[in-house]
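Remarks on the overall topology
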Amino acid sequence: MEPTTARLDGMEQEEKLRLLELLLHDLRAKGLLSRDTLVQVARDVMLQDYREDHDLRCFDCVPHESEEE
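Residues numbered from 1 in each chain as written. Predicted model: local features only at pLDDT ≥ 70, side-chain atom pairs only at ≥ 80, totals over all residues. Heavy atoms only, no water.

Turning our attention to the pattern of salt bridges. Opposite charge on two side chains makes pairing possible when the charged atoms of those side chains draw close. On inspection of all chains with the given rule, the structure shows 2 salt bridges. We note a salt bridge from E21 to R18, for which the minimum N-O separation is 2.9 Å. On the criterion of helical spacing, the pair formed by E21 and R18 is a turn pair, its members being 3 residues apart in helix α2 (residues 13–29). Owing to a relative accessible area of 36%, E21 belongs among the partly exposed residues under this scheme. (Salt bridge = Lys/Arg side-chain N within 4 Å of Asp/Glu carboxyl O. Helix = DSSP H or I, 4+ residues; strand = E, 2+ residues; numbered from the N terminus. Buried < 20%, exposed > 50% of the residue type's maximum accessible area, 1.4 Å probe, protein only.)

Next comes the structure, spelled out in structure tokens:
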């Protein structure tokens, strides 16, 4: 069975992440995915989402002032 990207092209990122969540939990419940793998995928997705967050990237670019100033 080939994945159909046309079905995913119209979806927002949040919808895709929700679908991924459902699929991963289903695979975990069926014993096809270890807990460690599930946790690692979650970490990777959260890290990627963090890196793509425009507000956080802008915050990282701002020179931080020390508390003493």
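Where like charges cluster on the molecular surface, the negative patch consists of E12, E14, E15, D49 and E52. Of all elements in the fold, only α2 and α3 (35–52) reach the threshold of two or more residues within the negative patch. Assignment of secondary structure puts E15 in helix α2. Residue E15 is classed as partly exposed on the basis of its relative accessible area, which comes to 42%. (Patch = residues over 30% accessible without salt bridge, like charges linked within 9 Å, V, L, I, M, F, W, Y side chains within 5 Å. Areas by Shrake-Rupley, 256 points an atom, 1.4 Å probe, with all protein chains shown as cover. Lys, Arg positive; Asp, Glu negative; His and termini not counted. Charge placed at Lys NZ, Arg CZ, Asp CG, Glu CD.)

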